[in-house]
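Chain residues, written in single-letter form:
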Amino acid sequence: MPPPKKVDKGIVSLDRETPIQEEVKPLIEDILRTKYCVQGSVFLVEGIDTVRVVGGAGKMVRLLLGDGKLVIQGFVKGVMHWVVEGGKVFEGGYVRLDKFEVAEIEGERVLVIGDLRIVGWDEGYLGVLRGEGREVKDVGGLREGGTGGERLFGLERRVREMEVRREREREKEEEERRREEGSRKELEAEVVEREKQAVEREWKEEAKKEEEDEGCISESDYDDDGFEQMVISTERATQRRVMAATYTGTSVNNTTTPQRPPVFKQQSIQHSQVLLPPPSRQILTPRTPQPRPPIKPQENTTPKPLPWYANDPTQPLKLTPLSQIPYLPYKQNWMVNVLVVVTQLGETESCPYPPFVQRQARVIDQSTPHRHIHLTVFLEPAGFEPKLGEVYLLLGVKNHKFDGGSLKKYASDKPKGGGRWWVEGRGLGWCKGMVKELEIWWAQQQGDVVGEEG
């Protein structure tokens, strides 16, 4: 194969039959003005950045593309990362964008690239990089017409290495997710166990108190005449009267002569044995406490659901403002419900994680007026088609550390009963007021943007 044809301005074309010099022209200004992308346009690669997302959940590949007059950022979709990482795209090279579009990220217009390929390079630009001491791609293999895996930057070997690395990263992320999910379940089980122990301890204290109250003896437990009664015989009573009369000088027959009381010699008096009746009081013994009957649940009562675990959007739910996403008890996989406005919606695209397809969107509420929160949908992404600018209730989404705080809807978090997890806010009665306030606020935001552009 003959070497690539070199034309003016130091531009080298891989295909000597179709030099790219005529295709290199200013295009960025028209693209930003009209948002119309001419598929197959050629740009010069002036910079390459591969950024690892915080938490190891993924990465972004950004290209700095120029047309000789202006420069624009281009973000490569995940399905084409291997082209850049395999070394086929390099600084100073020309790429043909066979599929790309204009998107707006945080107020700045960028290119989203779905397909690209290298078509040549600029010798002058490579010389500048060498003069700055920068590492420059060795294009000798291309000059010699080399093709194939190892001859063309070792592409096949690098692709295999990347697949192994991605698999390890995927396993690491899944393990971290399972560990955090297990920690949350353990925390919930611990809370339930503590509540159960508190109820049992309270029940035991009440039973002990009742037992002590039943074992006490009060004055009311005795009869009114609960004293011992002594029975005195008739003979003993007669003897006492005689002794009293002799001492006072009065006989039994009313004789008034005072006399010295004689020495009284006590004689044994025989009297019948008298058995005293037992005391009328009775000592009560503690009764054995009866087991407490179990508490029967009331009729027609249902357990109160957890505020973040929602299957019925028609019932009042706990809502979380978007500004609190980075500050939840867990940095990842904490389930919440949010009421938001959908501002951006991308196309379905492949991803390296099950179910290997996703759709990305941006949402906002009053708590984040200057920042649109990133939302990634893995659960039936093709069916996720909300209207832009409308208010929706999102059920059971989980937080993530990506982009400083984002939301994800995993395929494993499908609502029970097959209900839909994204519901239009206007059809919900319990949050009608909040929906109306969010709609008015978003309309005011749009009005302010139009005023600034005008």
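Residues numbered from 1 in each chain as written. Predicted model: local features only at pLDDT ≥ 70, side-chain atom pairs only at ≥ 80, totals over all residues. Heavy atoms only, no water.

As named in an unreviewed UniProt entry, the chain is Telomeric single stranded DNA binding POT1/Cdc13 domain-containing protein, taken from Podospora comata.

## Side note on the overall build of the chain
So the rule is basically this: Strands are runs of DSSP state E lasting at least 2 residues, helices are runs of H or I lasting at least 4, and numbering of each runs from the N terminus. For each residue, the accessible area found with a 1.4 Å probe, counting protein chains only, is set against the maximum for its type, and the residue is called buried under 20%, exposed over 50%, and partly exposed in between. Whether two residues are in contact is decided by their heavy atoms: any pair within 4.5 Å suffices. Accessible areas in this description were obtained via Shrake-Rupley with a 1.4 Å probe; residue shielding takes into account the shown protein chains only.
For the chain, the count of helices and strands is 7 helices and 13 strands. Relative to its 454 residues, the chain shows a buried fraction of 34%. Counting contacts in the chain only where the partners sit at least 6 residues apart, residues at least 24 apart contribute 64% of the total. Entry remark: accessible area of the chain is about 30,000 Å², with carbon and sulfur atoms responsible for 52%.

## Focus on the nonpolar core
Condition: In plain words, nonpolar cores are sets of buried Ala, Val, Leu, Ile, Met, Phe, Trp, Tyr and Cys residues tied together by side-chain atoms within 4.5 Å.
Ranked by internal contacts, the top residues of the largest apolar core, which has 29 residues, are L65, V76, V89, V95, L97, I113 and L116. Counting residues per element, the ones that place at least two in this core are α1 (28-34), β2 (41-52), β3 (59-66), β4 (71-76), α2 (81-85), β5 (93-105), β6 (108-122) and α3 (123-131). With 5 residues, β6 is the single largest residue contributor to this core. Ignoring sequence-local partners within four residues, the contact set of L116 consists of L63, V76, M80, V83, V89, V95, R96 and L97. L322, V336, V363 and I373 belong to the second-largest nonpolar core, a separate cluster that totals 21 residues.

## Details of the pairing of β4
To keep it simple, the criterion reads: A pair of strands is labelled paired if DSSP reports no fewer than 2 bridges between them.
Across the 6 residues that make up β4, a large majority, 5, are buried. Looking at chain direction, β3 and β4 are connected through 6 bridges and run antiparallel. Among the inter-strand pairings, L63 is bridged to a residue of β4, identified as G74. Here β3 folds back onto β4, and the loop between the two strands holds 4 residues, one of which, G68, carries a positive phi near 95 degrees. Relative to β6, β4 runs parallel, the two being bridged by 3 bridges.

## Quick notes on the pairing of β5
Pairing analysis gives 4 bridges linking β2 to β5, with the strands arranged antiparallel. When the bridges of β5 are listed, S41 appears paired with L97.

## Description of the side chain of K408
The cut-off we apply is this: Only four residue types enter the tally: Lys and Arg on the positive side, Asp and Glu on the negative side; His and the chain ends are excluded. Salt bridge criterion: a side-chain nitrogen from Lys or Arg within 4 Å of a carboxyl oxygen from Asp or Glu.
Positionally, K408 belongs in strand β12 (residues 406-409). Despite its burial, K408 pairs with no opposite charge, the nearest such side chain being E173 at 6.3 Å. Excluding residues within four positions of it along the chain, K408 makes contact with L375, T376, F378, V397, K398 and H400.

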